[in-house]
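Structural characterization, general
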Amino acid sequence: MAKRDSAALFLFFTFLMMMISYSYELQSSQVQTLLRIQRLLNSPPVLSSWNFSTDFCNIEPSPSLTVVCYDGTITQLHIIGKDGSPALPRNFSIRSFFTTLVKLPSLKVISLVSLGLWGPLPAKISRFSSLEILNVSSNFLHGVIPPEIWYLRNLQTLILDNNMLRGHIPDWVSALPVLAVLSLKNNSLSGPLPDPLRTLENLRVLDLSNNLLAGEVPDFSSLTNLQALKLADNFLGPLFPTLGKKLVTLDLRNNRFSSGVPSEIASFYQLQRLDISSNRFVGPFPPSLLSLPSIHYLNISRNRLSGMLFENLSCNGELEYVDLSANLLNGNLPICLLSDSKSRVVQYSRNCLETAVQNQHPHWFCQNQALAVGIANHDKKKSQTNNKVIVLLSTLGGITGMIVLVSLLILLVRRRMNMRRMIKRPPRTLVAENFSTGIPSKLLSDARYISQSMKLGALGLPAYRTFSLEELEEATNNFDTSSFMGEGSHGQMYRGRLSDGSPIAIRCLKLKQKHTTQNFVHHIELISKLRHQHLVSALGHCFEYYLEDSSVSRIFIVFEYIANGTLRSHISGASGQILSWAQRISAAIGIAKGIHFLHAGIVPGIYANNLRITNVLLDRNLVAKISSYNLPVLTENMRNEDRTGVSSNVSKDKCAPGRVKQDDKTDMHDFGGILLELITGSLIMSQDDVDAVKGQLQASITVDESAPRSPVDPAVLANCSDESLKTVMQICIRCLSNEPTERPSIEDVLWNMQFAAQVQETWKGDSQSGGGSPESPYRPTKLQISVQQR
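Since the model is a prediction, treat every value here as computed from it, not as a measurement.

Attention now goes to the sheet that holds strand β12 (residues 212–215). If you walk across this open sheet you meet the six strands as β4-β6-β8-β10-β12-β14, and the pairing is parallel. Strands at the two margins of the open sheet, each flanked by one partner only, are β4 (118–120) and β14 (235–236). Inspection of the sheet shows strand β10 (residues 188–191) paired to β12 by two bridges, in the parallel sense. Residue pairing across strands places serine 190 opposite leucine 212, the latter belonging to β12.

Here's what the structure looks like:
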């Protein structure tokens, strides 16, 4: 009986295992779909072992790959590539990829990270009606966020980080009723935060850091489940946002908030991380933030917060990082910050604290600065104290008025004496204008940054500053003729060397009309923020005034000096060096990145930059830098010249109809002209030359070997990959299209140039490893040029 029962039990379990195995056996159509996905993704290493015999539903989960099945269908697909993976090849089509992916209709989780996906996110994403999590971060997606995501009513997590998405955050995002995580950081999204965001009552994480967002933050007090709000590196403000009290992380750093910090924040008992640094917050610093029961990280640096600190203030023992530096704090540093933990990091420099450590200002500095920014106590209970302050300030104002009156009389007397002394020479003097290192509100309405890598700290340049005329005269030996570099429509250029040995280039612009300093504050502040690895960046400026009416007579703009010659000289051999094909591609990529920054790094972008190969300089490491671009102050002065009858050298393309709307395409045309010289090695002197060489280049691509000899530079043909060369030739021809709308976007150009560089590098490695000569003459073959519409 026991044996019979054992046999029956064995049969039962065998049948059960067969049923379980059958229930998890994947449909053959889905196996084929996964293998096609493998091919479309160019067989990344994480998928290299996939084949028809792979048991996909029983793959051991890993951080890089997870496939989850249920009832014979795939419900979760996680594929994580390596950080920094390059874009997929040019034959990749994101539409084809998603056409394949939707053949897995039961997917609830899609996670495709760092796989090199590029193109706009297709509308077919709406077909995943069961989708709960979508993560396509760290790819090369561009365009706007597709409105078809609106149909994904089960979506709980949407992560599109680290892409190149543009446009506004759509209002329809509030129609996703169960959305809990929305992360769009490190893109180029612009405009205000949509007010409907505050209706997402299930939202727990909102991360919009490092975009181009501007304006007020909506009232988020209704988001009672919100735990993490990250808005860093935007242009939001000026008021501190209204928030719920369940926040764990609040990151507002590097925006344009300029209000006070509300006292209610002291009741955010779950707050662990608070960063409001690099804003212009004013008013008293709430010391109770140091003792919040959950606080671990606190950074209020680089604001204008005031108030008195005391030694006996209490702190949370779990505090790991505190940065109070660059504010207007007085008093004594709390002992608890220095004694409770040896591993704690505490920064408090550039305040007015009673300590000789970390570079403190004198006590009066913080009082004067606080008064200058209009810090006032708005507590109604202290109205009597405020009245006393008003009386005191009125008294001080009267005394100050008397002093100013006497000073004016003295100034008038001295001015009349100086005028008598200067009859025999032009009445000029120089006043050093000191602009704030902060960003004024007017500038912030115009200038927007793309990423941290474009900021001043990444460039290795000194801070932008005001120069005195004496410094510039000493640097140029009183503007001696030996320092003169040339003169163009944008003024005279001089080379010089500062007292610390730094080489500089100085552009001297003589104004055609009289202007006050205020006419140029906006322009100068904007110029001071135009810092990029592939631009010749400004280091500072000075104004020269006419003494009789204090109007500006000349502007000196000081640039970094690049002494290694122009890109053209490195193509023609005039510099003693002829660039290889790989070096030419690298220079072109640098120029494209500089253009991308000018177009998208600030809003409104800077277009119609009159790009020429002679305006591109190479530094000692052969890094390309655009030396002449459309600086606002220079352009405005040129317009003044045009009004007075002085002609300006504007290309035919820049005078075409619709120029205002297509200035980005004008720069693409100029970039095509630079590519033409890089490919052919010829000097392109006119539009007729461009058209002629472009025609030869197009013929060499589109016809067979019996066509006329290719115009490609022999120095290029000697050591280049056919595919790399053809890729650059194609993008060059597209850039030079007579119809502006047919020219590629700067993102398209960058992708193609980077692809050409990768192909050239791979070809070079294969040639060297094969032991043969890498030299192979270019033989153009028939090629279909497919122009992807962006």
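Right, picking up where we left off after that structure.
In this section: the confidence of the model for the protein chain. Here the protein chain averages 79 in pLDDT, and 75% of its residues register 70 or above. Segment residues 9–24 is flagged for pLDDT under 50; beyond a separation of four residues in sequence, or across chains, it makes four contacts in the model. Overall, residues 375–391 carries pLDDT values under 50, and its contacts beyond four positions in sequence, including any with other chains, amount to nine contacts.

Before going further, it helps to spend a moment on the sheet that holds strand β23 (residues 352–353). Strand pairing in a sheet relies on backbone hydrogen bonds, with the paired strands running either antiparallel or parallel. Overall, parallel pairing links the four strands, which are arranged β17-β19-β21-β23 in an open sheet. Unpaired on one side and paired on the other, β17 (282–284) and β23 mark the two borders of the sheet. Across four bridges, the pairing between strand β19 (residues 304–309) and strand β21 (residues 328–331) is parallel. Along β21, the bridge assignment pairs methionine 308 with asparagine 330.

Bringing the pairing of strand β1 (residues 65–70) into the picture now. Here six bridges tie β1 to strand β2 (residues 73–80), and the two strands are oriented antiparallel to one another. By the bridge assignment for β2, valine 68 is matched with glutamine 76.

Mapping asparagine 163 onto the fold places it in the loop between β7 (157–159) and β8 (164–167). The class of asparagine 163 is buried, set by a relative accessible area of 7%. Within the structure, the side chain of asparagine 163 is placed 3.1 Å from the backbone oxygen of leucine 160, a separation counted as a polar contact. The residues touching asparagine 163, leaving out its near neighbours within four places in the chain, are Val136, Ser137, Ser138, Asn139, Phe140, Leu141, Asn186 and Asn187.

A separate point is the state of the cysteines. Considering all chains together, one arrives at three disulfides under this definition. Sulfur-sulfur distance for the disulfide between cysteine 315 and cysteine 336 comes to 1.8 Å. Taken together, the positions of cysteine 315 in the loop between β19 and β20 (321–323) and cysteine 336 in helix α4 (residues 335–339) put the pair 21 residues apart, joining distant regions of the chain. Taken individually, cysteine 315 and cysteine 336 each receive the classification buried, so the pair is uniform in this respect. With its bonded cysteines labelled in order along the sequence, the protein chain shows the pairing 1-2, 3-4, 5-6. Here cysteine 508 stays unpaired: no disulfide links it, and the sulfur of cysteine 542, its closest cysteine neighbor, is 8.7 Å away. Judged by relative accessible area, which is 4%, cysteine 508 ranks as buried.

At their nearest, the axes of helix α14 (residues 687–702) and helix α16 (residues 722–735) sit 10 Å apart, and the two run at 135° to each other. Put simply, α14 runs oblique to α16. The element α14 and its partner α16 pack so that their crossing is left-handed. Between α14, through Lys694, Leu697, Gln698, Ser700 and Ile701, and α16, the contact on the second element is made entirely by Met729, Gln730, Cys732 and Ile733. By residue class, the composition of the contact of α14 with α16 is five nonpolar, three polar and one charged.

Let us now look at the nonpolar core. Counting 105 residues, the largest nonpolar core has Phe97, Leu101, Ile149, Leu250, Phe285, Leu324 and Leu337 as its most contacted members. Contributions of two or more residues to this core are made by α2 (28–40), β1, β2, α3 (94–101), β3 (109–113), β19, α4 and α17 (746–769). Here this core takes five residues from α2, the largest share from any one element. In terms of nonpolar packing, the next biggest core, distinct from the first, is built from 74 residues, Ile524, Val693, Leu725 and Met753 among them.

To continue, consider the packing of aromatic side chains. For the coordinates displayed, the defined rule picks out 14 aromatic pairs. The ring of tyrosine 297 has arginine 273 sitting right over it, with the charged end atom 3.7 Å from the ring centre. In this structure, arginine 465 packs its charged tip against the face of phenylalanine 467, placed 3.8 Å from the ring centre.

The next thing to look at is α14. For α14, which comprises 16 residues, the first-to-last C-alpha distance of 22 Å matches the rise-based estimate of 22 Å (1.5 Å per residue) to within 8%. Within α14 the residues assigned to the buried category are Val690, Val693, Lys694, Leu697, Ser700 and Ile701. Within α14, the buried residues cover an arc of 125° as seen down the axis, which keeps them to one side.

Take the pattern of salt bridges next. Opposite charge on two side chains permits them to pair, given that their charged atoms come into close proximity. Following the criterion strictly, the structure yields eleven salt bridges and no others. For the salt bridge of aspartate 233 with arginine 253, the shortest nitrogen-to-oxygen distance reads 3.9 Å. Taken together, the residues span a long stretch of sequence, with aspartate 233 in the loop between β13 (228–230) and β14 and arginine 253 in the loop between β15 (249–251) and β16 (273–275) at a distance of 20 residues. By relative accessible area, which is 8% here, aspartate 233 ends up buried. The residue arginine 612 makes a salt bridge to aspartate 670 at a minimum N-O spacing of 3.2 Å. With arginine 612 in the loop between α11 (581–600) and β31 (616–618) and aspartate 670 in helix α13 (residues 663–680), the pair connects residues that are 58 residues apart, well separated along the chain. Its relative accessible area of 32% is what places arginine 612 among the partly exposed residues.

Moving on: unusual backbone geometry. Backbone torsion omega between glycine 237 and proline 238 reads 5°, so that peptide bond is classified as cis. The residue proline 238 is located in the loop between β14 and β15 in this model. The phi dihedral of phenylalanine 479 is positive, around 55°, even though this residue is not glycine. Mapped onto the elements of the fold, phenylalanine 479 is located in the loop between α8 (469–475) and β26 (484–488).

On to the environment of serine 259. Residue placement: serine 259 occurs in the loop between β15 and β16. Looking at serine 259, the relative accessible area reads 14%, which means it is buried. Taking the C-alpha atoms as reference, serine 259 lies 8.4 Å from glycine 237; in sequence the two are 22 residues apart. Not counting residues up to four positions away in its chain, the partners in contact with serine 259 are Pro238, Leu239, Phe240, Arg280, Phe281 and Val282. A distance of 3.0 Å separates the side chain of serine 259 from the backbone nitrogen of phenylalanine 240, its partner in a polar contact.

Definitions and cut-offs
Residues numbered from 1 in each chain as written. Predicted model: local features only at pLDDT ≥ 70, side-chain atom pairs only at ≥ 80, totals over all residues. Heavy atoms only, no water. Pairing = 2+ DSSP bridges. Helix = DSSP H or I, 4+ residues; strand = E, 2+ residues; numbered from the N terminus. pLDDT = per-residue confidence, 0-100. Contact = heavy atoms within 4.5 Å. Buried < 20%, exposed > 50% of the residue type's maximum accessible area, 1.4 Å probe, protein only. Polar contact = N/O pair within 3.5 Å; in protein donor to acceptor, adjacent residues only side chain to side chain. Disulfide = S-S within 2.5 Å. Axes fitted to C-alpha atoms, helices over the stretch in contact; angles between N-to-C directions. Parallel < 35°, antiparallel > 145°, perpendicular 65-115°, else oblique. Left-handed = near helix turned anticlockwise from the far one by under 90°. Nonpolar A, V, L, I, M, F, W, Y, C, P; charged D, E, K, R; others polar. Core = buried A, V, L, I, M, F, W, Y, C linked by side-chain atoms within 4.5 Å. Phe/Tyr/Trp six-rings, centres within 6.5 Å; stacked < 30°, edge-to-face > 60°. Lys NZ or Arg CZ within 6 Å of the ring centre and 35° of its normal. Expected span 1.5 Å × (residues − 1). Arc of directions from axis to C-beta. Salt bridge = Lys/Arg side-chain N within 4 Å of Asp/Glu carboxyl O.

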